[in-house]
Amino acid sequence: MVKPEPAPDYPAHWEADVVLRDGATGHLRPMSAADAEAVQEFHMAQSQNSIYLRFFTYKSKLTAKELRRFTELDYRDRVAFVITRAGRILGIGRYDRLDDPAEAEVAFNVSDHHQGQGLGSILLEHLAAAARENGIDRFSAEVLPENRKMIQVFSDAGYEVHRHFDDGVISLYFDIDPTEKSRAVMESREHRAEARSVAGLMAPRSVAVIGASRTWGSIGQQLLVHIVEGGFNGAVHAVNQEALEVSGMMPYASIAEVPGPVDLAVIAVPYAEVPKVVEQCGKAGVKGLVIATAGFADNGDAGLARQRSLVRLARANGMRLVGPASLGVANTDPAVSLNASMAPSLPGRGGLGVFTQSAALGISLFASLSRRNVGMSTVLSAGNRADVSGNDMMQFWEDDPNTTACGLYLESIGNPRKFSRISRRLARSKPVIVAKSDSVGLRLPPGHAVRTTQAPQGALDAMLRQSGVIRVNTLEELADVAQLVASQPLPKGPGLAIIGNSAALGTVVADSTEQHGLSVAALQTRLELDIGQSRALPLLKRTVRGALAEPGVDAAMVTLLPVAGLDLEAVAKVLGECSAAAGKPVIAVFCGIIDPAVNVNVQLAAGVPSYSSPGTAIGALAAVTRYAQWLAQAVPVFDPPPGVESNAAQELLDSWLKDVQGDSLVTLLPSQARRLLAHYGIDVLESAPFGSEEQAVADAQRLGWPVALKTLDPSLRHRLDLGGVRINIENAQSLRRNIAQMRKLLEPYGAVNLEVQSMAQVGQSCTLRAIEDPLLGPVVSFGLSGDAVNLLDDWAHRVPPLSADAAAELIRSPRAAAKLFGHEGLPAGNVAALADLVARVAMLKDEHPEVAFLEFKPILVGPTAVTVLAADVRIGNPGQRTDSARRALLS
């Protein structure tokens, strides 16, 4: 079936690639009139029982009138989706709006051959999202009692389903607003499907190398040799249409000739031939692809378009795709033993899962980990990351018993909201180390086609910290942390025992410890170890075990200068025994070794990590300690603040945006902003612009004396020092005098328009800002007004949703936040009320992407009251967030 031409009003933004329960992919799109023939073909292939359960009667063929009714849609009152693979319809879901405009009847029909693959639940999620977009709040359905599978789809979706039985039919109805349970159900299904799709790539039963060559050193030749010499436990096939023999194997001319199913095809053919090979793999029923061929990033827009076409073609045929320009994949599980990569040998077996993007950085990280003897469970190089991403790998690692820690180097990030959601869950069971440069999200490497961010610098890092990942800057730092978490228990606190044989070195280490946020709980740096190994090792053991037993010691670092006759592996064995006995991490630092044959930055015997620099070791331990502290915190609870009216706020936004076209923004009037914010329990102190002195006096009397007088100029209105504000005006005479003086003073600036406002309780001036970022979605920023934010950029950022604890932590994060807590004898502000305000803004921003910009400037935080003096709110038509309430692969 050729994909039909869309109608002029066709909602292309509803299209999505989806992962089914078995890990294969399908393409979901709105149905159109051109689908009539395919719908008839789908219907006629169904069993009599399936037709009866759908239509309550049997009909061998749909009439022309029925086909028109089913396929001619307005995409508002009547919507239908199809899920296709290889051009054939696998399932159909539809809704029809009823007489009650807020309710629609929903129905599904899933191919007999694909039932049990989760198509019904995926169709329901996408229908619900489309219905909400069209102002529908509730679905209803009529189901025969024997149609237990469809009843189960509704029951398991997480909605509160109401049902009653009448005249042999079960009637169901439920609200379709996402609930906590429905989101949890969606995330659980998404997790299982995506984990299974990656499992098929990492543990295939058969592999074909397409482009396997006889030319020594070519990519195809190396990939084939590495798979064979790596001891892969499945079937290996070589595909080359010209050669008669490749590496001792008889090649096949095409993938179609390979006997039996092929789970994984590794493609290393010339750039121009890749699309044809992908198409052939789809027709042959290949499950997944690794594309080693590069060149897509070097061909500008044409290469990017071809790369996107590859992804569409692969997903349309049920295949996931790694690459292009991938270094390959590896799995050290003895039951798999797969090295489908350019690495000359299979990595040493261990618990670290590794994800990289570009081949160059993948090679660098692989080499760095190998030098440190860090064993790996699985490795995936995503190359241009056109399809399979770090999010997919984290879904897989969460279920993989062979992976105990995860390391990712990110050059771009396509769906950070989903990354945050998955890593927050994964980090509860396994450490997640993420290395990225500061430019990630701001600009894209060649070949990467994802959104960029306009959020303030530091917002993405803040999101990572919220998610519990161990954030590092370089490949080397990732490897330093990895060798620690791969073998050592987590520290239970910041207390560090420093043990060594140099007092001077110990002092340096102690200073570095405190600079990294750790504390020196014990210091023994005068060990005399130059007494022969047979006496030195027992002394070292007694000292380390004694230090670990002291109260307040959570980890030990042994820093040693070279000692003649003292073997490093013997020292490591002693330290490993001490660590195991105490259940606390022990790391070694060997300074001053100049013998090039001795590798110090390595995981030694008994899994003891060692380093050549105390600073490197402290940095790695501090990063792991912060992770352990995050892990010890209670799981965030996202309880909404009281008095929130989300639906009422949405109705206001919809009414204000109904005539807004494109991506233009509308600045709300002060009265409109107060109405919107009131639905979230946020009050803005009323102000009254005026033209005449008489009007100003009347407004002041209505608001209540004393009042403040302000200019409306945004650059001056809160600047007492520049004459933009006058406060504590107590009567009409004083107000008239101040109006005349201010207008004369501000006339050179053109800032003669003024307003009056009630006086608020004196307090610390703060700024709270929230934006809708194209990459991150909602971002909330907080800082103390004035030089702190204007000159020093002293902002703190968080990405909603925010728990009450996260909101409280946000207001404590700026460096100037000490002013809120009784700085230099001043009274402390009401930080509890300020945290509540932050939580309300975060919830508003999370629930309403239509609010493109919101700024409270200033907020006065007094001893008892928190007052918002001014609110700037701008709204617009929102784009689709990168992580929505429906399952879909990033397009």
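The sections below set out a description of the structure shown in this document. Sequence order as written defines the numbering, with residues in each chain counted from 1. The model is predicted, so local features are restricted to residues of pLDDT at least 70 and side-chain atom pairs to those at 80 or more, both for listing and for counting; the totals for chains, interfaces and linings are taken over all residues. Where side-chain values are given, they derive from all heavy atoms of the structure, hydrogens and water being excluded.

**Some remarks on the packing of helix 14 (residues 475-485) against helix 18 (residues 614-632)**
- For the pair helix 14 and helix 18, interaxial distance at closest approach is 9 Å and the crossing angle is 65 degrees. Between helix 14 and helix 18 lies a crossing of right-handed hand. Along the contact surface, helix 14 presents D480, V481, L484 and V485, while helix 18 presents T616, A620, L621, A623 and V624.
- Gly falls in the polar group here, along with every residue not listed as nonpolar (Ala, Val, Leu, Ile, Met, Phe, Trp, Tyr, Cys, Pro) or charged (Asp, Glu, Lys, Arg). Here the residues of the contact of helix 14 with helix 18 are counted per class, giving 7 nonpolar, 1 polar and 1 charged. Here the axes come from fitting lines to C-alpha atoms, over the contacting stretch only for helices, and the angles between their N-to-C directions go from 0 to 180 degrees. The way it works is that DSSP assigns letters per residue, a run of H or I at least four long becomes a helix, a run of E at least two long becomes a strand, and they are numbered from the N terminus. Left-handed is the label given to a crossing in which the near helix is rotated counterclockwise from the far helix by less than a right angle, and right-handed is the label when the rotation is clockwise. By definition in these notes, contact holds between two residues if any of their heavy atoms fall within 4.5 Å.

**Observations regarding the pairing of strand 4 (residues 88-97)**
- In terms of burial, strand 4 is a largely internal element, 8 of the 10 residues being buried.
- In terms of strand pairing, strand 3 (residues 78-85) meets strand 4 through 8 bridges, oriented antiparallel. Looking at the pairing, I83 lines up with G91 of strand 4.
- What sits between the antiparallel neighbours strand 3 and strand 4 is a turn of 2 residues, in which A86 has the positive phi angle 50 degrees.
- Pairing between strands requires that DSSP locate at least two bridges from one strand to the other. Two elements, strand 4 and strand 5 (residues 103-110), share 7 bridges in a ladder whose sense is antiparallel. Of the residues in strand 5, the one forming a bridge with R94 is A107. Type-normalised accessible area, obtained with a 1.4 Å probe on protein chains alone, sets the label of each residue: buried when under 20%, exposed when over 50%, and partly exposed for intermediate values.

**Focus: the sheet that holds strand 11 (residues 264-267)**
- Sheet architecture is open: 5 strands sit in the order 10-9-11-12-13, paired in parallel fashion. Two strands lie at the open edges of the sheet, namely strand 10 (235-239) and strand 13 (320-322), each paired on one side alone. When the angles between neighbouring strand axes are averaged without regard to direction, this sheet yields 20 degrees.
- Two strands pair when backbone bridges link them, and strand 9 (residues 206-210) and strand 10 are joined in this way by 5 bridges, in the parallel orientation. Within strand 10, the position partnered with V207 by the bridge is V236.

**Side note on the pattern of salt bridges**
- Salt bridges are defined as contacts in which a side-chain nitrogen from Lys or Arg sits within 4 Å of a carboxyl oxygen from Asp or Glu. Going through the model one piece at a time under the given rule, you end up with 36 salt bridges.
- R205 is the partner of D263 in a salt bridge, and the nearest nitrogen-oxygen pair spans 3.1 Å. Placement of the pair is D263 in the loop between strand 10 and strand 11 and R205 in the loop between helix 6 (180-202) and strand 9, with a sequence separation of 58 residues.
- With relative accessibility at 7%, the residue D263 sits in the buried group.
- One salt bridge connects D794 with R815, and the closest N-O pair in it is separated by 3.9 Å. In this pair, D794 is assigned in the loop between helix 23 (787-790) and strand 34 (796-798) and R815 in the loop between helix 24 (804-811) and helix 25 (831-847), connecting sequence segments 21 residues apart.
- The class of D794 is buried, set by a relative accessible area of 5%.

**Details of the nonpolar core**
- Residues belong to a common nonpolar core when they are buried Ala, Val, Leu, Ile, Met, Phe, Trp, Tyr or Cys residues joined through side-chain atoms within 4.5 Å. Residues L369, L380, L408, F419 and V481 are the most contacted members of the largest nonpolar core, which totals 99 residues.
- Looking at this core, the element that brings in the most residues is helix 18, giving 9 residues.
- Apart from residues lying up to four places away in sequence, V481 is in contact with I433, I470, V472, A620, A623 and V624.

**Brief notes about the packing of helix 8 (residues 274-284) against helix 9 (residues 300-316)**
- Put simply, helix 8 and helix 9 touch, their axes get as near as 10 Å, and they point 5 degrees apart. Judged by the angle between their axes, helix 8 and helix 9 are roughly parallel. Here helix 8 contributes V274, P275, V278 and E279 to the contact with helix 9, which in turn contributes R306, L310, L313 and A314.
- Classifying every residue of the contact of helix 8 with helix 9 gives 6 nonpolar, no polar and 2 charged. To sort the angles, those under 35 degrees are grouped as roughly parallel, those over 145 as roughly antiparallel, those from 65 to 115 as roughly perpendicular, and the leftovers as oblique.

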